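# Structural characterization, general
Each chain, written out:
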Amino acid sequence: MASGRPFDCLYDPLYTLSSEKDHSKANIQLIGDKLVKVPIFTSMFSSLIHFPGYSLCLDSKDPVPPLIDRRWRGRAQQRLEALQQLALGQPSLQIPPIMYEDPEVSGRNRYKYFARPLIPSNKLLPPNVCYAMEMIDPFILSATRDSKIFGPKLRTLGTQTDYRDGEAQTDPYSPEYVAPSGSVPELLTLATLTWGRGLPAGLAEVEMIERAREKRAWEATLPAMDNAAQIAKRRKMMDDMERKEWAFREQEIEKLQEIRLRVLKKLLLRQQEKQSELDAKRLDDHWQNHQKAKKEKMKKIQHDFVLMLRKLIAKRKNVMGKLERRDIIKEYTDFASQTYAPLSRIGYFPDNHSERFVVKNFYLSTFAGLCELEAALPHSVTQARIKAPKPKHTTTKTGFVKRSARLEVELALVHQALLEKKNKVEEPKKPPRFLEKIEKPVPRPPTPILEKPSVEEEEIELAVICLQKLLRGRAIQNLMFEEKEKRMELIQELRTTHALHEDGQLLLKAEEQTIRALQQQRDLQMHELSSVESRLAQEEGRALANMFDFLSKELLRLQEERRIHAFVMLAERQRRMREAEESGRRQVEERRRQEEDEIFRQVVKVQQSTIDSYLEDIILSTMENTAEEQAREEIQRMAVEINDIAYEMESCRTHLQSEEIVAELVYAFLIPEIEKTSLREKVRQSQRKHIYAAHQIIHRSTEELLAEPALQQETSASRIEGDPPAGTGGGLSPSDGPDKDGTAS
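The rules behind the values
- Residues numbered from 1 in each chain as written.
- Predicted model: local features only at pLDDT ≥ 70, side-chain atom pairs only at ≥ 80, totals over all residues.
- Heavy atoms only, no water.
- Helix = DSSP H or I, 4+ residues; strand = E, 2+ residues; numbered from the N terminus.
- Buried < 20%, exposed > 50% of the residue type's maximum accessible area, 1.4 Å probe, protein only.
- Contact = heavy atoms within 4.5 Å.
- Areas by Shrake-Rupley, 256 points an atom, 1.4 Å probe, with all protein chains shown as cover.
- Patch = residues over 30% accessible without salt bridge, like charges linked within 9 Å, V, L, I, M, F, W, Y side chains within 5 Å.
- Salt bridge = Lys/Arg side-chain N within 4 Å of Asp/Glu carboxyl O.
- Lys, Arg positive; Asp, Glu negative; His and termini not counted.
- Charge placed at Lys NZ, Arg CZ, Asp CG, Glu CD.
- Core = buried A, V, L, I, M, F, W, Y, C linked by side-chain atoms within 4.5 Å.
- Polar contact = N/O pair within 3.5 Å; in protein donor to acceptor, adjacent residues only side chain to side chain.
- Axes fitted to C-alpha atoms, helices over the stretch in contact; angles between N-to-C directions.
- Parallel < 35°, antiparallel > 145°, perpendicular 65-115°, else oblique.
- Nonpolar A, V, L, I, M, F, W, Y, C, P; charged D, E, K, R; others polar.
- Phe/Tyr/Trp six-rings, centres within 6.5 Å; stacked < 30°, edge-to-face > 60°.
- Left-handed = near helix turned anticlockwise from the far one by under 90°.
- pLDDT = per-residue confidence, 0-100.

## With respect to the overall build of the protein chain
Within the protein chain, the regular secondary structure consists of 16 helices and six strands. Residues classed as buried in the protein chain amount to 5% of the 745 residues present. In the protein chain, once contacts between residues fewer than 6 apart in sequence are set aside, the share between residues at least 24 apart is 41%. For the protein chain, the exposed area adds up to about 70300 Å²; of that, 59% sits on carbon and sulfur atoms.

The following block contains the structure:
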């Protein structure tokens, strides 16, 4: 089913499903696309299994209208096929004709009745087009005539690839050859060039071939060595050719040096670019680290600022330090209060008693429930079918990977690398973030000065040059003598062809034929020997290549293993360091939490003590006020009673009784007051002598302390002016100290 057309199973009449099971699967996929995650607001941010944050519901909006039939359309086709099979066995059974829609061949469906264009050939074929048939109203066809009218349902078409066999060929084929006797083709001079090593020929190979042709032409123009003049001429020509070859060789060496110098410059520039990129990357990383530290520091400052601001706002709300009563209605109306979201530092932990929310299921918590649940599951769930994995490479019976499979994998890797390199897009260079340091070029060393050699050294050098010339001439002479010995038969043949008669010529021809037969036999033997050696070398090279391949792969495997081991060690070390840092942070956090808890306990304790003292003061003041009011009331009541009694006694009192009352009042009020004042005076007189002694001791010590710096100042002043010390002359005498009253005399 295409991802962009999920409703083809319902709308498209040409969309065919194999069975009703596939139709049900397609409908289930449509239902699965209608599932919507609906959040549960009470546990929207929960990650617990028994309190999910959302639920799956079916979307009420159905894109398929209700008038579309969702049933499988293959049921009617199956019924029709069954009737056709019965009709074959029972001729009396009448099958109703099949009604088809108008195909509209000449109308909107005309494009459906054209076939693919054929490959052009010499024959002129008529176009493969189905023309419109006559309209029969009503359009009724039988099932047996369907295939005759609309043609066969299967067609066989041929295709051609875009590549030829030559494009898939690797190395060109080089057939074996046998050179005819007495001829040396020019093509054999290029036998050293092979595919990939000189072939296909480039500019350098063409120049090499032209030089070889020129040299062969020059060798053909060399004079014979008949007399001294020819030998001198030949030697001069060979010297000139040698100088030309040395000059050409020097030019080639200079070209190679220039190429190497350019490559070295490119490598140096690449190394400088890499170093500059590495420096820029390091600076960027350093800047990023500084920015990260700066952000963390600003975040911490902002956090502390918000914390202190909240504390100041909380203090400002209650500047006078008055205690307010708890407003229960306000707490329950505010969802951010301690009633709904209590803090853990107060002593409430929301994770406690979480076991009461655990769902206890009979099928999961008991053995009988597990057995019943296992019996209810289908057989495919409990008995899993495991398929053996298919090998990625073609292996032999012994389990080894074939060489062709290994080559295919290597070719696939090379192809992937080439595609990545081809599709790689170069990123534009970023401008430098910081100023770049421009280094001054290194000063060039001084130009060396060649010292003038002495006369003896020049003579020795000239003697060496002369000796080299003699050795080279002797070597060339030996070489020419060897070449002459090799071609002695040809020289004799040239000498004797013009001097001998016809009989001698016939004998020479017979000898020549025998010599050619021997040479041909020797060439065949050499060819067989060279083929055997080439095969041996090929086998040796193959064995060495396999061995080197195995060794290189083992080396790569060992290097990868060591690198992975190093990565594992680094990861383990980093993990340990992070664990140590995390444990340190956890200890600091626990210590800070303990300190905050202790501070909170002390604050609560101080608040509790303040509240207790405040309540005690209120209770004591209330008790005093109540006692005072009760005492006043009692005194007023007693005063009223006493006044009544006094008035009654005044009304019936005599003169003696009045005097007796006055005497009792004097005895009860005046005499105790006089005794009290006399007792106070006695206590004051007894304490006065102790106070006087304490005053005298205090004044004496203070006078001594004040007198010492004054004496020191006078002695220093007298030493400066040359006067006698202050203690001998006009100073105070000991009798001038404080008197008994504590004042100076």
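The structure having been displayed, the exposition proceeds.
## Structural notes on a negative patch on the surface
Taken together, the side chains of Glu-456, Glu-457, Glu-458, Glu-459 and Glu-461 define an acidic patch exposed on the protein surface. Its location among the elements puts Glu-461 in helix α13 (residues 455–486).

## Brief notes about the pattern of salt bridges
Throughout the structure, instances matching the rule amount to 26 salt bridges. Notably, a salt bridge pairs Arg-516 with Glu-512, separated by 2.7 Å at the nearest N-O pair. Of this pair, Arg-516 and Glu-512 both sit in helix α15 (residues 502–651), four residues apart, which is roughly one turn of the helix. A relative accessible area of 27% means that Glu-512 is categorised as partly exposed.

## Thoughts on a nonpolar patch on the surface
Residues Val-662, Leu-665, Val-666, Tyr-667, Phe-669, Leu-670, Ile-671 and Ile-674 make up a contiguous nonpolar surface patch of roughly 800 Å² in combined accessible area. Among the secondary structure elements, Val-662 is positioned in helix α16 (residues 655–721).

## Some points on a positive patch on the surface
On the surface, a cluster of positive charge is made up of Arg-262, Lys-266, Arg-270 and Lys-274. One can find Arg-262 in helix α7 (residues 228–317). A residue is classified by how much of its surface remains accessible, and Arg-262, at 47% relative accessible area, is partly exposed.

## Digging into the nonpolar core
Counting seven residues, the largest nonpolar core consists of Cys-9, Leu-10, Leu-17, Ala-26, Leu-30, Val-64 and Trp-72. Of all the secondary structure elements, the ones that give two or more residues to this core are α1 (8–11) and α2 (20–33). Once residues within four sequence positions are removed from consideration, Leu-30 is found in contact with Pro-6, Phe-7, Cys-9 and Leu-10.

## Overview of the side chain of His-23
By the element assignment, His-23 lies in helix α2. Excluding its chain neighbours within four sequence positions, the residues that come into contact with His-23 are Cys-9, Leu-10, Leu-17, Arg-70, Arg-71 and Trp-72.

## Digging into the side chain of Ser-43
Assignment of secondary structure puts Ser-43 in the loop between β1 (35–39) and β2 (54–58). Judged by its relative accessible area of 11%, Ser-43 is buried. Reaching out from Ser-43, the side chain makes a polar contact with the backbone oxygen of Pro-52 at a distance of 2.8 Å. In contact with Ser-43, other than residues within four places in its own chain, are Phe-51, Pro-52 and Gly-53.

## Topic: the packing of helix α6 (residues 203–220) against α7
Look at α6 against α7: their axes get within 12 Å of each other, and the N-to-C directions meet at 170 degrees. Taken together, α6 and α7 sit at an angle that is classed as roughly antiparallel. On α7, the residues touching Arg-211, Lys-215 and Trp-218 of α6 are Met-237, Met-238, Met-241, Glu-245, Phe-248 and Glu-252. Grouping the constituent residues of the contact of α6 with α7 by class yields five nonpolar, no polar and four charged.

## Looking at the packing of aromatic side chains
Tallied over the entire structure, the rule returns three aromatic pairs. Taken together, a centroid distance of 5.0 Å and an interplanar angle of 45 degrees make the contact between Phe-335 and Tyr-340 tilted. You can call Phe-335 exposed: its relative accessible area is 62%. Tyr-340 gets classed as partly exposed once you look at its relative accessible area, which sits at 40%.

## Points about the packing of α7 against α13
Running from amino to carboxyl end, α7 crosses α13 at an angle of 110 degrees, the nearest separation of the two axes being 13 Å. Between α7 and α13, the angle is such that the two are roughly perpendicular. Where α7 crosses over α13, the handedness of that crossing is right-handed. On α13, the residues that touch Arg-234, Met-238 and Glu-242 of α7 are Arg-472, Ile-476 and Met-480. Residue composition of the contact of α7 with α13, grouped by class: three nonpolar, no polar and three charged.

## Examining the confidence of the model for the protein chain
Caution is warranted with low-pLDDT regions, since their predicted coordinates should not be read in detail. Residues of the protein chain with pLDDT of at least 70 account for 79%, and the chain-wide mean is 77. Confidence, expressed as mean pLDDT per element, reaches its minimum in the protein chain at strand β4 (residues 140–141) with 40 and its maximum at α7 with 91. Here residues 121–151 scores under 50 on pLDDT; set against residues more than four positions off or in separate chains, the count is 25 contacts. Note that pLDDT drops below 50 for residues 723–745; the model gives that stretch 13 contacts with residues more than four away or on any other chain.

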